Amino acid sequence: MAKTTVAVLFGGRSSEHAISSATAGGVLGAIDRDRYAVIPVGITREGVFVLEQDDPSRFALDAQKLPEVVDNGTRVLWPMPGEGRELRVRRDDGTIESLGDVDVVLPILHGVHGEDGTMQGFLDILEIPYAGGGVLDSAMCMDKHFMKIALQAEGIAVAPWVTVRASQWASEPEAVRGRIDALGYPVFVKPARAGSSVGVSKAHDASELDEAMRVAFAEDDKVLVEVGMVGREIEVAVLEGRGGEATRTSLPGEIVLTTREFYDFEGKYLGGDGAEVVCPAQLTDDEIARIREVGARAFDAVDGRGLARVDVFLTDAGEVVVNELNTMPGFTPISMYPKCWIASGLSYADLIAELIELGLERAA
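Rules used in this analysis
- Residues numbered from 1 in each chain as written.
- Predicted model: local features only at pLDDT ≥ 70, side-chain atom pairs only at ≥ 80, totals over all residues.
- Heavy atoms only, no water.
- Disulfide = S-S within 2.5 Å.
- Buried < 20%, exposed > 50% of the residue type's maximum accessible area, 1.4 Å probe, protein only.
- Pairing = 2+ DSSP bridges.
- Helix = DSSP H or I, 4+ residues; strand = E, 2+ residues; numbered from the N terminus.
- Axes fitted to C-alpha atoms, helices over the stretch in contact; angles between N-to-C directions.
- Contact = heavy atoms within 4.5 Å.
- Phe/Tyr/Trp six-rings, centres within 6.5 Å; stacked < 30°, edge-to-face > 60°.
- Lys NZ or Arg CZ within 6 Å of the ring centre and 35° of its normal.
- Salt bridge = Lys/Arg side-chain N within 4 Å of Asp/Glu carboxyl O.

(A) The state of the cysteines, seen in detail. For the structure shown, the criterion picks out zero disulfides. Distance from the sulfur of Cys279, which forms no disulfide, to the nearest cysteine sulfur (Cys340) is 3.2 Å. A relative accessible area of 1% means that Cys340 is categorised as buried.

Okay, structure coming up:
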């Protein structure tokens, strides 16, 4: 039986380049080589497509030296629309060779120019099947402002928030402060279109707002200021249903904070103390059922495709409040998304295969 050829696409131009590269290390090490032939395509921080080494150890996540895609002189050449699916590579000496036809692309890109619908649109134009989210759900969930609006329209609870543009903050700061004061402190200040907790700060009171806004605006010219929700931080992994069947959800997991104020970049990826990923979470059967239901409803509300991680707060009153959806969640072997599916009976390798097969099924 012929193997399915998968182009694993990683790296990218966003501030989450290193996390995407680390995810590639996990995927390259776990993908079923009996079923899939792999073409590792890296994207440098400058946006250049290069043929990378098929070596998982090259992209190990190390707090001392984060992995990255570097320009090795090669150039991956994509086909023109309507001209098939052959990938070619131009070597640094100018010679061009075929890499063969690609059956499906697995984009494990985070942030802008990858998780925001742009790469999905590029692949749609080339008529190459791909796994994961589509243009609409990727773009909507990348912009937390519009994601919240879509969820609210479906009657799904979200944390109260204020959206602030850089121009507003510069021209009418006191009016903006008044809107934020009305939310009540503490607040979380986050870029509207970034992930992996990059640019996120907690402002305990008005004196900390200026610095929090500065950090967030360094990432994006649109910022969300959200009420600091009090509750357990629960995450549920979601997969698109096969063959038109219902959306699937995993057992929920929980972020348990001890000494860390929130689940920041260091806590997520660099083994920082004070945060623990627990899956499955210790919840009642009723809580599990309601969280899974909200997760599926949220995925469907944004026309979800492929996968997503839905992050919620479970308040003391028992309300399930959606924080956000990630259409390409952290996917390293230690990340919550695969851990939740492993706890639900789906191995890391089988999860990768399921995403690939969903992409192929959608294109059939």
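(B) Geometry of the sheet that holds strand β5 (residues 86–90). Pairing is antiparallel in the open sheet, where three strands are placed in the order β4-β5-β6. One side of each edge strand has no neighbouring strand; the edge strands of this open sheet are β4 (75–77) and β6 (96–101). Going from strand to strand, the sheet's axes swing by 25° on average, the running direction of each strand aside. Of the strand pairs in this sheet, β5 and β6 are connected by five bridges, and their pairing is antiparallel. Bridged to Arg88 within β6 is Ser98.

(C) Expanded view of the side chain of Thr44. When you line up the elements, Thr44 lands in the loop between β2 (36–43) and β3 (49–51). Residue Thr44 is classed as buried on the basis of its relative accessible area, which comes to 1%. Not counting residues within four places of it along the chain, the set of residues in contact with Thr44 comprises Gly12, Arg13, His17, Val50, Val69, Val70 and Asp71.

(D) Region of interest: the packing of aromatic side chains. With the rule as written, the count across this model stands at six aromatic pairs. Measuring from ring centre to ring centre gives 5.7 Å for Trp78 and Phe122, while their planes differ by 85°; the resulting arrangement is edge-to-face. You can see Trp78 sitting in the loop between β4 and β5 and its partner Phe122 sitting in helix α2 (residues 118–126), a full 44 residues away along the chain. Judged by relative accessible area, Phe122 falls into the partly exposed class, the value being 28%. Clustering of aromatic rings is evident, with ring pairs tying together Phe49, Trp78 and Phe122. Taking the ring centre of Tyr130 as reference, the NZ or CZ of Arg362 above it sits at 5.9 Å.

(E) A look at unusual backbone geometry. Going from Tyr185 to Pro186, the amide bond is cis rather than trans, its omega being 0°. With an omega of 5°, the peptide bond running from Cys279 to Pro280 counts as cis. You can see Pro280 is positioned in the loop between β15 (275–278) and α9 (285–301). Positive phi values are uncommon outside glycine, yet Glu127 reaches one of about 60°. Locating Glu127 in the fold gives a position in the loop between α2 and α3 (135–142). Using a relative accessible area of 54% as the deciding quantity, one classes Glu127 as exposed. Residues other than glycine seldom take positive phi values, yet Asp303 does so here, at roughly 55°.

(F) Fine view of the pattern of salt bridges. Counted by the stated rule, this structure contains 24 salt bridges. Ionic pairing is found between Glu361 and Arg242, a salt bridge with its closest N-O pair at 3.9 Å. Taken together, the residues span a long stretch of sequence, with Glu361 in helix α11 (residues 348–363) and Arg242 in the loop between β12 (232–239) and β13 (248–249) at a distance of 119 residues. In this structure Glu361 comes out as partly exposed when scored by relative accessible area, which is 34%. A relative accessible area of 29% places Arg242 in the partly exposed class. A salt bridge links Arg309 to Asp311; its shortest N-O distance comes to 2.7 Å. No difference in accessibility class separates Arg309 from Asp311, as the two residues are buried.

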